[in-house]
Amino acid sequence: MNKNYLLLFVLFCINSIQAQDVTTLAGSTSGFADGTGTAAQFKNPVGVCTDSNGNIFVADSDNYMIRKITPAGVVTTFAGSTNSGYTDATGTAAKFSLVYGICIDKNDNIFVSDNTKIRKITPAGVVTTFVGSSSSGNVDGTGTAARFYNLAGICIDANNTLYVADSQNHRIRKITSEGVVTTLAGSSDGFDDGTGTAAKFSEPGAVCVDASGNVYVADTGNHKIRKITSAGDVTTFAGSANGFVNGTGTAARFSYPFGICIDASNNLYVGDMNNNKIRKITTTGVVTTFAGSSRGSADGTGTAALFYYPWGLSINNGIMYVADSSNNRIRKITTATLGLNENNKAVTLTVYPNPATNILNIQLEEISPNTQLKISDILGKTIFTKKIEANITSISTESFKKGVYLITVLNSDKKTTQKVIIN
């Protein structure tokens, strides 16, 4: 069988997965290797995020690297080397010490929590120190004057404000786009709801932020999910003592939750590390098991899938990516509605013929004044863009190289991606 047809068949099979189906996108045994799918190797990956092209970036902790995975599972090293250190430079000339959390802004700049620093990586792979220094401590300030102590998860809002779990300082820190660091909430190790520094956390592991500016915290040492309003008011959203219980609010139990993300309908998803599960929390605080059961490594549907210490989570275009840390894999969870608001379903897209030779037709059920088409190669590089002004658009593919491409259409706040072969 032609390799391109075989690859397309596999990709289309993956796209057709429904209802909490867990597959392995990349990774296998512990180690370091670039490659495709299970030919690649990671060593304790802990953080994941996605860019505007659907590429996945991984904080590959014990390899001291940031790795890049295309939607087709091709893994490369984006920045860092196998030697620990602090060096600002480009690509593999840069060095990291303890990469953990990772997030990305709307311009595809990556921010990484690196022990006592927040590092910034441009789309071209240029690494700089955004805030923090090599000295640990607890100091609010600007740029390298700020001090942190064992940084963990990090997230960014629509205004390019960063939030980071300052784990060993037991605080949630806020960082403006100009690098001004303040303490949003938290003080000494413990547990207290309250406002600002009157609240207490215990080694918080991860953060995410909703569209209203509320910050949710995986309060790891307290086995709870906490909520912080933009005014700094901290409450307990879900969880109580260490354990495993599905339920509502404080009736539920987690065991060392280390990852957290949010979908477009404001449902939370938690990497419940010691329970080896992905948990879901609705806006009313109802906690259920989304995927996973006992410790292990198995692809499957829902609780038939097995994880071994799932940490970082990221949702993009209806797909969840999980840093399955002790399995040294990046797992992919696909479901029909994950990450899609009920009023924000994906664009209805038809691409034909597929495979295409000279002409590719893009047919949309609906268009708007700002509908955009983007074609990327299998490595995630954008090669063609066009504003769509008709329900059917024809594109000449004579100048395209033979291979597999990703067709992405953005229509207002709706988005969908489909794969196509060019012969």
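Residues numbered from 1 in each chain as written. Predicted model: local features only at pLDDT ≥ 70, side-chain atom pairs only at ≥ 80, totals over all residues. Heavy atoms only, no water.

Draft legend 1. Local environment of the sheet that holds strand S31 (residues 359-364). In space, the 3 strands of this open sheet follow the order S30-S31-S34, with antiparallel pairing throughout. The outermost strands of the open sheet, each flanked by one partner alone, are strand S30 (349-352) and strand S34 (392-396). If you compare each strand with its neighbour and ignore which way they point, the axes differ by 20° on average. Of the strand pairs in this sheet, S30 and S31 are connected by 4 bridges, and their pairing is antiparallel. Paired with Val351 across the bridge in S31 is Ile362. (Pairing = 2+ DSSP bridges. Helix = DSSP H or I, 4+ residues; strand = E, 2+ residues; numbered from the N terminus. Axes fitted to C-alpha atoms, helices over the stretch in contact; angles between N-to-C directions.)

Draft legend 2. Spotlight on the pairing of strand S29 (residues 329-334). Across the 6 residues of S29, 6 count as buried, placing the element largely inside the fold. With burial as the criterion, each face of S29 is covered, one bearing Arg329, Arg331 and Ile333 and the other bearing Ile330, Lys332 and Thr334. With 6 bridges joining them, strand S1 (residues 21-27) and S29 adopt antiparallel strand pairing. When the sheet's bridge partners are listed, Val22 is paired in S29 with Ile333. Relative to S29, strand S28 (residues 319-324) runs antiparallel, the two being bridged by 6 bridges. Each bridged residue has a counterpart across the sheet, and for Val322 the counterpart in S29 is Arg331. In this structure, the hairpin formed by S28 and S29 is closed by a connection of 4 residues, where Asn328 is found at a positive phi of approximately 55°. (Buried < 20%, exposed > 50% of the residue type's maximum accessible area, 1.4 Å probe, protein only.)

Draft legend 3. Spatial organisation of unusual backbone geometry. Residue Pro353 is bonded to the preceding Tyr352 through a cis peptide linkage, with omega at -10°. Assignment of secondary structure puts Pro353 in the loop between S30 and S31. Note that the residue after Asn354, namely Pro355, is joined by a cis bond; omega there is 10°. Take Pro355: it is sitting in the loop between S30 and S31. Positive phi outside glycine occurs at His170, with the angle close to 55°.

From the geometry alone we can't say anything about function, so treat these as descriptive.
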